[in-house]
Amino acid sequence: AVVSTQSTGYQEIWEAEKIFESDANSIHSEKYFGCIPYPYMNGRLHLGHCFTITKVEYASRYQRLKGKNVLFPFAYHCTGMPIKACADKLTYEMATFGCPPNFP
């Protein structure tokens, strides 16, 4: 409960000060755009996804601390056959081993 209360307090401060908002039209500060290839969801999330994301996230946060107007969009690329293949695999695994899994 303590962590939840503390978290809420920080979130209120971030919202009030617009910490994570960026104004593309601003001419008052240097801009920084953090860009990564979006993780492709062809399987379950794993540590490699975090490894890729944290590098640009740390850089973006550092640039924000330096006073730059930072934009770091984040998304997942979820289209096409790899998604269908992943969904089929998960459907098979849940039918075979249950959800949560019960391995033999």
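A few points on the structure. (Residues numbered from 1 in each chain as written. Predicted model: local features only at pLDDT ≥ 70, side-chain atom pairs only at ≥ 80, totals over all residues. Heavy atoms only, no water.)

When you go through the chain residue by residue, the secondary structure sums to 3 helices and 2 strands. Counted from the first residue to the last, the chain has its helices and strands arranged as α-β-α-β-α. Among the 104 residues that make up the chain, the fraction classed as buried is 13%. Considering only contacts within the chain whose residues lie at least 6 apart along the sequence, 74% involve residues at least 24 apart. Here the chain displays about 8400 Å² of accessible surface, and carbon together with sulfur accounts for 62% of that area. (Helix = DSSP H or I, 4+ residues; strand = E, 2+ residues; numbered from the N terminus. Buried < 20%, exposed > 50% of the residue type's maximum accessible area, 1.4 Å probe, protein only. Contact = heavy atoms within 4.5 Å. Areas by Shrake-Rupley, 256 points an atom, 1.4 Å probe, with all protein chains shown as cover.)

With that settled, the discussion passes to unusual backbone geometry. The general pattern is negative phi for most residues beyond glycine and trans for most peptide bonds. Of note, the amide linkage connecting cysteine 99 to proline 100 takes the cis form, showing an omega dihedral of 5 degrees. With respect to the secondary-structure elements, proline 100 resides in the segment after helix 3 (81-97).

Pairing is possible between side chains that carry opposite charge, provided their charged atoms lie close to one another. Summed over all chains, the structure comprises 3 salt bridges. As a salt-bridge pair, arginine 61 and glutamate 57 come within 2.8 Å of each other at their nearest N and O atoms. Taken together, the residues arginine 61 and glutamate 57, both in helix 2 (residues 47-65) and 4 residues apart, mark about one turn of the helix. (Salt bridge = Lys/Arg side-chain N within 4 Å of Asp/Glu carboxyl O.)

A few words now on the side chain of glutamine 63. Following the sequence through the fold, glutamine 63 ends up in helix 2. With sequence-adjacent residues up to four places away left out, glutamine 63 is seen in contact with Tyr32, Lys68 and Val70.

All right, on to the side chain of lysine 68 then. Here lysine 68 is to be found in the loop between helix 2 and strand 2 (69-71). Contact partners of lysine 68, with chain neighbours within four places excluded, come to Ser29, Glu30, Tyr32 and Gln63.

Going through the model one piece at a time under the given rule, you end up with 1 aromatic pair. With a centroid separation of 6.4 Å and 25 degrees between ring planes, the pair formed by tyrosine 10 and tryptophan 14 is classed as stacked. One end of the pair, tyrosine 10, and the other, tryptophan 14, are both in helix 1 (residues 2-17), 4 residues apart, so they sit about a helical turn from each other. (Phe/Tyr/Trp six-rings, centres within 6.5 Å; stacked < 30°, edge-to-face > 60°.)

This part covers helix 2. The end-to-end C-alpha distance of helix 2, which contains 19 residues, comes to 26 Å, matching closely the 27 Å that a straight helix rising 1.5 Å per residue would cover. Contacts from the buried residues of helix 2 go to strand 1 (31-33) and strand 2. One or two positions beyond helix 2, positive phi appears at glycine 67, with a value near 95 degrees. (Expected span 1.5 Å × (residues − 1).)

With that out of the way, let us pick up helix 3. Taking 1.5 Å per residue, 17 residues should reach 24 Å; helix 3 reaches 24 Å between its end C-alpha atoms and fits that length. Directly after helix 3, the chain includes glycine 98, whose backbone phi takes a positive value near 85 degrees.

The subject of this paragraph is the environment of isoleucine 19. Counting through the fold element by element, isoleucine 19 comes out in the loop between helix 1 and strand 1. Measuring from C-alpha to C-alpha, the distance between isoleucine 19 and arginine 64 comes to 8.9 Å, with 45 residues separating the pair along the chain. What isoleucine 19 contacts, discounting residues up to four positions off in sequence, is Trp14 and Arg64.

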